[in-house]
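# Examination of the molecular architecture
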Amino acid sequence: MTLVPGTVRPRRLRTTPALRRLVSESRLHPADLILPMFVKETLSEPAPLTSMPGVVQHTLDSLLEAANEAVDAGVGGLMLFGIPEHKDNDGSQADDPEGILNRALTLLRDNLGDTTVIMADLCLDEFTSHGHCGVLDSAGGVDNDATLTRYASMAVSQARAGAHVVGLSGMMDGQVAACREALDLEGFTDVVVMAYSAKYASAFFGPFREAVDSELQGDRKTYQQDPANGREAMRELDLDLAEGADIVMVKPGMPYLDVLAEVACESPVPVWAYQVSGEYAMIEFAASAGAIDRERAIEESLIAFKRAGADAILTYWATEVAQRLTSQTQDGAL
Ligand code: PBG
């Protein structure tokens, strides 16, 4: 068959909203969206974040309220980050059953049970006085293997507190195996290990540092990946799979869609992406300056993750977008 110029018209499939909807290759669904949430020990009122307009650090009460709102909107799950009153060298609040993150997990699990998926960030940076994701050696470097012991203990305490999923975001070698083994030894064989497999030393984490009151001096370049490297992400993926990761993640999102697409092609387990704080801030600030249409930019940024192959997306807009998707479906507008 020869194609006669002019008879092949891709625009034909774009003529009506209904036709465009029918031929859409990627879709967003509320269940694909995971809401990251911050809970801070010292607060008596929720505290808005100046670098992330619309996002707050929660009290335990406001956390529960926002969690209920997210679950009602149909989001797929919740990812908790805790900010303790006292930070120290070893991040001792991280695996203390009375630590703020573990208390928050228990509160949510007691109230929400298995109606949603409750997840916790498993990393030391929110808990250490130096702000690094691991414990330090005598020279001030991050001690990989000593950190694994801390992560294993955190995994067990988060599981005990009610986490369905532990989110390993520290980029230590061997962290998946260490946490899996500790969980299994304590009988938590059903607790899911989600590994941030490809996590880059990124400027786009900037606003998050305010969100967790980070004390970090310096950078995380000795453990997070170099933004220049794509092949290395596949090596991290292979290792995490071999160590037993149930879900893998690529982070940040938008600057790393090529990595996401490749991981999504190769991975036999679900692949998630994290639309991080800086991506959120860019869109919010550009929209409030009148430079872009906020809602369209949010939706375009999220559908890009789906197109690249993400099964689910962590996004600070999870509740808002889930609510919008549900009302659009009811209106028949989607
Ligand atoms: C580490 C962690 C970070 C983020 C999630 N988990 C910060 C970092 O690695 O520096 C960033 C999330 C965001 O920017 O939205 N606990």
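It should be emphasised that the depicted structure is a prediction, and the values quoted were computed from it without experimental measurement. Within each chain, residues carry numbers counting from 1 in the order of the written sequence. Totals for whole chains, interfaces and linings use all residues, but because this is a predicted model, local features are given only for residues with pLDDT of at least 70 and pairs of side-chain atoms are given and counted only at 80 or more. The side-chain figures draw on all heavy atoms in the structure; neither hydrogens nor water molecules are used.

### Section: the pattern of salt bridges
As a working rule, side chains carrying opposite charge can pair if their charged atoms are close by. Whenever Lys or Arg places a side-chain nitrogen within 4 Å of a carboxyl oxygen from Asp or Glu, that contact is recorded as a salt bridge. Per the counting criterion, the structure on display carries 14 salt bridges. R180 is paired through a salt bridge with D184; the nearest N and O atoms lie 3.0 Å apart. Taken as a pair, R180 and D184 lie in helix α5 (residues 175–185) at a separation of four residues, close to a single helical turn. Given a relative accessible area of 34%, D184 falls into the partly exposed group. Each of E284, R294, E295, E299, E320 and R324 takes part in one network of salt bridges that share partners. Per the convention used, a helix needs a DSSP run of H or I reaching at least four residues, while a strand needs a run of E reaching at least two, with both numbered from the N terminus. Relative accessibility thresholds used throughout: buried, under 20% of the residue-type maximum; exposed, over 50%; partly exposed, between the two (1.4 Å probe, protein chains only).

### Quick word on a negative patch on the surface
On the surface, D61, E65, E69 and D72 cluster together to form a negatively charged patch. Along the chain, E65 turns up in helix α2 (residues 60–73). Classification of E65 as exposed rests on a relative accessible area of 60%. Only residues whose relative accessible area exceeds 30% and that form no salt bridge are eligible for patches; like-charged ones are grouped when within 9 Å, while nonpolar side chains (Val, Leu, Ile, Met, Phe, Trp, Tyr) are grouped when within 5 Å. What sets the accessible areas is the Shrake-Rupley method with a 1.4 Å probe; for residues, cover comes only from the shown protein chains. Note on charges: Lys and Arg go in the positive column, Asp and Glu in the negative column, and His and the chain ends are not counted at all. Just so you know, the charge point we use is NZ for Lys, CZ for Arg, CG for Asp and CD for Glu.

### A closer look at the state of the cysteines
Whenever a pair of cysteine sulfur atoms sits within 2.5 Å, that pair is classed as a disulfide. Tallying each qualifying case throughout the model produces zero disulfides. Sulfur of C123: no disulfide; nearest cysteine sulfur belongs to C133 and is 3.4 Å away. Classification of C123 as buried rests on a relative accessible area of 1%.

### Some points on helix α3 (residues 100–112)
In this analysis, the expected span of each helix is defined as 1.5 Å times one less than the number of residues it contains. Helix length check: α3, at 13 residues, gives a terminal C-alpha distance of 18 Å against a target of 18 Å (1.5 Å per residue), a fit within 8%. Those residues of α3 lying buried are I100, L101, N102, A104, L105, L108 and L112. Contacts: residue pairs with any heavy atoms within 4.5 Å of one another. Turning to α3, the residues buried within the fold contact β1 (33–40), α2, β4 (77–83), β5 (117–122) and α4 (144–161). Directly after α3, the chain includes G113, whose backbone phi takes a positive value near 55°.

### Quick notes on a positive patch on the surface
Positive charge collects at one region of the surface, where R9, R11, R12 and R14 lie side by side. One can find R14 in the segment before α1 (17–22).

### Some remarks on the UniProt feature "binding site: Mg(2+)" (unreviewed entry) in the chain
UniProt positions are given in the numbering used here, feature names are shortened, and annotations may be inferred rather than shown by experiment. Mapped onto the present numbering, the UniProt feature "binding site: Mg(2+)" (unreviewed entry) falls on E236. Positionally, E236 belongs in helix α7 (residues 231–242). According to the relative accessible area criterion, E236 is buried, its value standing at 16%. Other than its neighbours up to four places away in sequence, E236 contacts M171, S197 and Q225.

### Describing the UniProt feature "active site" (unreviewed entry) in the chain
Residues annotated in UniProt with the feature "active site" (unreviewed entry) correspond here to K199 and K251. A maximum C-alpha distance of 4.9 Å places the annotated residues, which cover 53 residues in sequence, within one compact spot. Take K199: it is sitting in strand β7 (residues 192–199). When near neighbours in sequence (up to four residues on either side) are disregarded, K199 contacts S169, M171, F205, Q224, Q225 and K251. A distance of 3.0 Å separates a polar atom in the side chain of K199 from the backbone oxygen of S169. Its place among the elements puts K251 in strand β8 (residues 247–251). Those residues in contact with K251, other than ones at most four positions away along the chain, are Y196, A198, K199, Y200, F205, Y274 and V276. Polar contact criterion, stated in full: a pair of N or O atoms within 3.5 Å, where within protein one must be able to donate a hydrogen and the other to accept it, and residues adjacent in sequence count only if both atoms are side-chain atoms.

### A closer look at the nonpolar core
What is meant by a nonpolar core is a set of buried Ala, Val, Leu, Ile, Met, Phe, Trp, Tyr and Cys residues, joined one to another through side-chain atoms within 4.5 Å. Judged by nonpolar contacts, the single largest core of 107 residues is most densely connected at F38, L78, L108, L260 and W272. At eight residues, α4 tops the list of elements feeding residues into this core. Among all residues touching W272, those that are not within four sequence positions of it are I34, M119, M194, I247, V248, M249, V250, L260, D311, A312 and L314.

### Some remarks on the side chain of H58
In this fold, H58 is placed in strand β3 (residues 56–58). Within polar-contact distance, the side chain of H58 engages the side chain of S62 at 2.7 Å.

### Structural notes on the site of the ligand
Whether a residue is near a molecule or strand depends on its heavy atoms: it is near if one of them lies within 4 Å of it. If you check the shell around the ligand, you find 17 residues, and the closest are D125, K199, R209, K251 and Y316. The contact in question runs from a nitrogen atom of the ligand to an N or O atom on the side chain of E126, over 2.9 Å. Within the side chain of R209, an N or O atom sits 2.6 Å from an oxygen atom of the ligand. Protein burial of the ligand: of its 400 Å² of free accessible surface, 100% is covered by the chains.

### What about the packing of aromatic side chains?
The criterion for an aromatic pair is that two Phe, Tyr or Trp rings (for Trp, the six-membered ring) have centres within 6.5 Å, with stacked assigned to planes under 30 degrees apart, edge-to-face to planes over 60 apart and tilted to the rest. One pass over the structure, following the stated rule, counts nine aromatic pairs. Ring centres of F38 and F81 lie 5.5 Å apart, and the angle between their planes is 35°; this geometry places the pair in the tilted category. With F38 in strand β1 and F81 in strand β4, this pair connects stretches of sequence that are 43 residues apart. Both residues of the pair, F38 and F81, belong to the buried class. Seen from their ring centres, F38 and Y316 are 6.0 Å apart, and the 15° between their planes marks the pair as stacked. On the criterion of sequence distance, the pair formed by F38 in strand β1 and Y316 in the loop between β10 (312–314) and α11 (318–331) is long-range, its members being 278 residues apart. One aromatic cluster is present, formed by F38, F81, Y196, F208, Y274, Y280, Y316 and W317 through successive ring pairs. The rule is short: NZ of Lys or CZ of Arg within 6 Å of the ring centre and within 35 degrees of the ring normal puts a charge over the ring. The ring of F205 has K199 sitting right over it, with the charged end atom 5.3 Å from the ring centre.

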